[in-house]
Amino acid sequence: MCIGEPMDPHTKRENEYGTLTDSKYLHQVTTMDSEMASRRPIIDTPPYYITLMTYLNYLILIILGHIRDFFGIRFQQKSHRDIMEYNGYAPWYSKFESFYVRRLKMRIDDCFARPTTGVPGRFITCVERLSHNHNEIHTFPGNTQTCLNLSSYNYLGFAESEGECTSAALKAVEKYGVQSGGPRTQIGTSDLQIQTERMIADFVGKEDAMIFSMGYSTNANFFNAFLDSKCLVISDELNHTSIRTGVRLSGAAVRTFKHGDMDLLEKLIRDQIVMGQPKTNRPWKKILLCVEGLYSMEGTLCNLPKLIELKKKYKCYLFVDEAHSIGAMGPTGRGVCEIFGVDPKDVDILMGTFTKSFGAAGGYIACDKWVIDRLRLDMTTPNYSEPTPPPVLAQIIASLETIIGKINPGEGTERLQRIAFNSRYLRLGLQRLGFIVYGNADSPVIPMLLYCPSKMPAFSRMMLQRRIAVVVVAYPATPLIESRVRFCMSSSLTKEDIDYLLRHVSEVGEKLFLKLNSGKSSYDNSIQRWDIEDVIKYTPEDCKNNKFFVN
């Protein structure tokens, strides 16, 4: 199907998961040794005038916002009641704390949280919406638009309306219903949940696992059960907000270190061991090193071999959040432990979610059995939240069985190799076209830097006009001056889809002056930019064979 053409009902499967057009568009996923893991990624930076212009853009927007507030409060009180006292009632919002949302984010709200319908597969159906009052309210004329999907976490393409996963979910509905129930064990847990937990533990290489109905709450409640006020968490500065929420709820002390800086981390651990707890200077009850396997805004991997080395050297616990790496990375989809060739037993707690690679919902904690037994008694999530519905559990089981080859042998391997090829090909193509791109070569998260705030809505809207759905990300999810578009790769896309994407990104990048790459972070270390036809002609594997590729 060509983008822009109406959908043919006979190509429903093709619209959700594209057929592989050539076996050479597969990449055999490889592992990394400790030496490769210790290499700090080269972060390319834009020219100084781009940074200056970005700050100047924000300065102008802030000044205009304050001017609007000044006159609006005095002459348009009816439309500013949410930040003013009214009839003796306090304002809904603080004028200062809500300023960013009201005066900056609202200008580009049409680019965020776009409503969609249907399956988030190879193509996604976006619901058209209009605003006549600067995005305060949107109206829906009833039109839809089919777009190439670069915006969903459907990494392996398991979120489908047809296939083994869907069939398994429908069978679970017939047997168990849509709510937790059906045949149950003596301890009150459904047999389907016990089977899922056993499969997850075996898949990630841990003794036992515990699953939850929501990925965010998995982190938000784990730390409260595992830590207390006499414990210390040493956290990467870019850890997800769910981790931050959980650590705050636990009452534990927190120290952060610069993203990926292992030397600074070791110094911080040594200092904290020497100083101990504040006021009493007693030794910490526990020290927990907390990182993510793959960082969703940067596309970078943690240095797991070094983290394990520090954990053993200083007798700490190690927590790794694999929300974005489990299922999508590694030769068999087992995440960062497999990528770095380390024993999962060397990581104390492995956390992951089912909302991405598995096309389902919820999360899990996998670790030693004694820890899981303790969590079953004390963790608040199972007691105060709904259990995972049987259709979701069936989806998880079916996707796991596909990955390991129990269902349709070879399909799971092909999906993993397709997403690896797609990720490397898109990242390499963007860098050769001149864009600044962050992240590891095999990461399915591909951030491309935009910088100036005005370029976020411009890029998003221009891509939507070209029938391509993308996600733009801004502060506070990123540093203020490093706004970006985050391409989310999927095995459901074909090489031809990525060619279509590269052509239009190159065209839009020229118009918005986004090609700012100095060449430092490109794969071939070449400052010279490539023409779009050459980029599409040579895949990463072709470049290796022709000595164009330097790893």
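Small disclaimer: the values here were computed from a predicted structure and weren't measured. (Residues numbered from 1 in each chain as written. Predicted model: local features only at pLDDT ≥ 70, side-chain atom pairs only at ≥ 80, totals over all residues. Heavy atoms only, no water.)

### Some thoughts on the sheet that holds strand S8 (residues 317-321)
Applied cut-off: Two strands form a pair only when DSSP identifies at least two bridges running between them. A run of H or I in DSSP becomes a helix once it reaches four residues, and a run of E becomes a strand once it reaches two; helices and strands are each numbered from the N terminus. To define axes, lines are fitted to C-alpha atoms, for helices over the stretch in contact only, and angles between the resulting N-to-C directions are given on a 0 to 180 degree scale.
Strands sit in the order S4-S10-S9-S8-S7-S5-S6 across an open sheet of 7 strands; the sheet is mixed. Two strands in the sheet have a free side with no partner beyond their single neighbour: strand S4 (208-212) and strand S6 (253-257). Neighbouring strand axes in the sheet, compared pairwise and without regard to direction, differ in orientation by 20° on average. In this structure, strand S5 (residues 232-236) lies alongside strand S7 (residues 287-292), joined through 4 bridges in parallel fashion.

### Side note on the UniProt feature "transmembrane region" (unreviewed entry) in the protein
Defined as follows: UniProt positions are given in the numbering used here, feature names are shortened, and annotations may be inferred rather than shown by experiment.
Sequence positions flagged by UniProt for "transmembrane region" (unreviewed entry) are, in local numbering, residues 48-71. A distance of 35 Å separates the end C-alpha atoms of residues 48-71, which is 100% helix and 0% strand.

### Things to note about the environment of Asn239
Quick reminder of the rule: Per-residue accessibility, obtained with a 1.4 Å probe over protein chains only, is compared with the maximum for each type, and a residue is labelled buried under 20%, exposed over 50%, and partly exposed between these values. Any two residues whose heavy atoms approach within 4.5 Å at even a single point are treated as in contact. In protein, a polar contact requires one atom able to donate a hydrogen and another able to accept it; more generally it is a pair of N or O atoms within 3.5 Å, and residues adjacent in sequence count only if both atoms are side-chain atoms.
Looking at where Asn239 falls in the secondary structure, it is placed in the loop between S5 and helix H8 (241-250). By relative accessible area, which is 4% here, Asn239 ends up buried. The residues touching Asn239, leaving out its near neighbours within four places in the chain, are Arg244, Cys290, Val291, Glu292 and Tyr295. Side-chain polar atoms of Asn239 contact the side chain of Tyr295, separated by 3.5 Å.

### What about the sheet that holds strand S13 (residues 471-473)?
Pairing is antiparallel across the open sheet formed by 3 strands, whose spatial order is S11-S14-S13. In the strand order of this sheet, the two ends are held by strand S11 (445-451) and S13, each with one partner. Between one strand axis and the next, the sheet turns through 30° on average, direction left out of account. Relative to strand S14 (residues 483-488), S11 is paired through 6 bridges, and the arrangement is antiparallel. From the neighbouring strand, Val445 faces S14, where its bridge partner is Cys488.

### Quick notes on empty space enclosed by the protein
Defined as follows: Here the term cavity refers to a set of points on a 1 Å grid, laid over the protein atoms alone, in which a 1.4 Å probe fits but cannot get out; the term pocket refers to an open set having protein on both sides within 12 Å along at least five of seven lines, with lining residues being those that place an atom within 4 Å of a point. Grid points are joined across faces, edges and corners, and a volume is the space filled by probe spheres set on the points. When residue character is reported, Ala, Val, Leu, Ile, Met, Phe, Trp, Tyr, Cys and Pro are called nonpolar, Asp, Glu, Lys and Arg charged, and the others, Gly included, polar.
Within the structure shown, the criterion is met by 3 cavities of 30 Å³ or more. The space that makes up the second largest cavity amounts to roughly 50 Å³. Along its surface, the second largest cavity is lined by Thr19, Leu20, Thr21, Tyr25, Arg418, Asn422, Leu493, Thr494, Lys495 and Glu496. Sorting the residues of the lining of the second largest cavity by element identifies helix H15 (411-433) and helix H17 (495-512) as the ones contributing at least two each. Taken together, the residues of the lining of the second largest cavity break down into 3 nonpolar, 4 polar and 3 charged.

### Examining the environment of Thr54
Structurally, the position occupied by Thr54 is in helix H3 (residues 48-75). Note on Thr54: relative accessible area 0%, which makes it buried. Each C-alpha atom, one on Thr54 and one on Tyr451, is 6.2 Å from the other, the two residues being 397 residues apart in sequence.

### With respect to unusual backbone geometry
Residue Pro476 is reached from Tyr475 by a cis peptide bond, and omega for that bond is 10°. Inspection of the secondary structure puts Pro476 in the loop between S13 and S14. In this structure, Asn135 takes a positive phi of about 70° despite not being glycine. Among the structural elements, Asn135 can be located in the loop between strand S2 (123-127) and strand S3 (144-149). Look at Asn135 and you get buried, because its relative accessible area is 12%. One non-glycine residue, Arg467, adopts positive backbone phi at about 60°. In this structure, Arg467 sits in the loop between helix H16 (455-465) and strand S12 (468-469).

### Considerations on the confidence of the model for the protein
Inclusion rule: pLDDT expresses, on a scale from 0 to 100, how confident the predictor is about each individual residue.
Confidence in the prediction for the protein averages 89 pLDDT; 92% of positions are at 70 or higher. A low-confidence stretch, residues 181-188 stays under pLDDT 50, and its non-local contacts, those more than four residues away or across chains, total 10 contacts. The low-confidence segment residues 545-551 (pLDDT under 50) makes 14 contacts with residues lying over four places distant or belonging to another chain.

### Re the pairing of strand S10 (residues 363-367)
Burial analysis of S10 places 5 of its 5 residues in the buried class, which makes it a mostly covered element. Where burial is concerned, the two faces of S10 agree: the one with Gly363, Ile365 and Cys367 and the one with Tyr364 and Ala366 are both buried. Examined bridge by bridge, S4 and S10 share 5 bridges and lie antiparallel to one another. Bridge assignment links Ile211 to a residue of S10, and that residue is Tyr364.

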